[in-house]
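Given next are the chains, with one letter for each unit.
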Amino acid sequence: MPALSSHATTPDSASRASLDSRIYFGYKTALQILRTVDVRTLAPARIATQSLPDRGLCKRQIENAIGGTESAYPGLSIERPAHVLVGSSSRCRASSAYKLHVCTSRLAGTSFYRLENDVCISAPALAFIHQAAQRNDLIFLLQLGYELCGTYQSWLTGVPTRYQVKPLASVRALRCYVSKNPSLKGARKAQHAIRYLADGSASPRETKQAIVFGLPMRYGGYGLGIPRMNYEVHANKAARAISGKSSFRCDLCWPEHKLDVEYQSRECHEGEESRLADSRRTNALMAMGWTVVGITNDELDSFAATETIAQTLRRHLGKRSQPRVSDYHARKLKLRRQLGLSVGYE
């Protein structure tokens, strides 16, 4: 049998060529698409040699991929510039429609999902790491992580705010992926942020509370430890008799101390019916030995009110009140500014 020509196409080379024809969306663009598409319907994308194709892309290919993806998923409007991952910096061209990011690392674990028409998107954990590499901002990264692991969405992932959505990730999944890809740019910052994340936040305001109360004092937090979010507490007989409920969801919870902080939003806690339900719930938890502390929008927006509530929580948790960092007051104010909270006393 004559030797194959160096230009002959073998099954393996054909497969690689097919893989090399894909467009890989990453960063915020991937998160935006993931919020629009049901991830459970997507198959993981296999990458030859576990690294992105080392090839150039032309403007028409990328623009066709952007337009084709928007057409395939009604309601999706990809924010420009779209973020595209490539395996080499060669032939990279700037454009107002897209931005190219070079990723030369070998990737372990599920890194991409496959859409239609040879388009792939970064998995949430990879997009999280890339966002960490792009922005030297722990507080932004924490808010993004809480959102990915929570049941709401917002502008952080390029979509309108909605509640009661499925989480894109979990703290465990993020931690596992980072541990498999420690050499990725941004992995160390992502790993550091994951220490202060929790699953299950139901809103941006709950996230802000968890960060303010839970972060260590060196970051401007109150150092109370990261709470469990929307933690389920099963009712005993007495609690069921009071409330008629078999279990309760605690917004911010330190279960080992039987401490529940309830965010009393205007949307969910107004009206006579809501007040009655809140009262029964509080009385039921107290019958089981729990302490329930409420916090309103106005109190979270008041530095003085937040300070008072934090001191109450500190005493209940048995935490030190003496800060071990200098300029602690200034750090608290800085954290509030980073979270978009008022630094005033009223």
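Please refer to the structure higher up on the page.
Our subject in this report is the structure included herewith. (Residues numbered from 1 in each chain as written. Predicted model: local features only at pLDDT ≥ 70, side-chain atom pairs only at ≥ 80, totals over all residues. Heavy atoms only, no water.)

**Comments concerning helix α13 (residues 328-338)**
Right, on to step 1. Those residues of α13 that sit buried are Y328, K332, L333, L335 and R336. All buried residues of α13 fall inside an arc of 160° around its axis, so they share one side. Among the exposed residues of α13, those oriented more than 90 degrees off its buried face are K334 and R337. (Buried < 20%, exposed > 50% of the residue type's maximum accessible area, 1.4 Å probe, protein only. Helix = DSSP H or I, 4+ residues; strand = E, 2+ residues; numbered from the N terminus. Arc of directions from axis to C-beta.)

**Focus on the sheet that holds strand β9 (residues 228-234)**
Right, on to step 1. Strand order in the open sheet formed by 4 strands is β9-β10-β11-β12, and the pairing between neighbours is mixed. With partners counted over all chains shown, the strands left at the sheet margins are β9 and β12 (291-296), one partner each. Here the strands of the sheet are splayed against their neighbours by 50° on average, with no regard to which way each runs.
Right, on to step 2. Here 6 bridges tie β9 to strand β10 (residues 247-254), and the two strands are oriented antiparallel to one another. By the bridge assignment for β10, V233 is matched with F248. (Pairing = 2+ DSSP bridges. Axes fitted to C-alpha atoms, helices over the stretch in contact; angles between N-to-C directions.)

**Describing the sheet that holds strand β2 (residues 43-44)**
Right, on to step 1. In space, the 6 strands of this open sheet follow the order β2-β5-β6-β1-β3-β4, with mixed pairing throughout. Each edge of the open sheet carries a strand with a single partner, namely β2 and β4 (98-102).
Right, on to step 2. Where strand β1 (residues 23-25) meets strand β3 (residues 82-86), 2 bridges bridge the pair, whose relative direction is antiparallel. Note on β3: the bridge partner recorded for F25 is V84.
Right, on to step 3. Helix α4 (residues 124-134) rests against β3, β4, β5 (112-114) and β6 (119-122) of the sheet, and its axis sits at about 65° to β6. (Contact = heavy atoms within 4.5 Å.)

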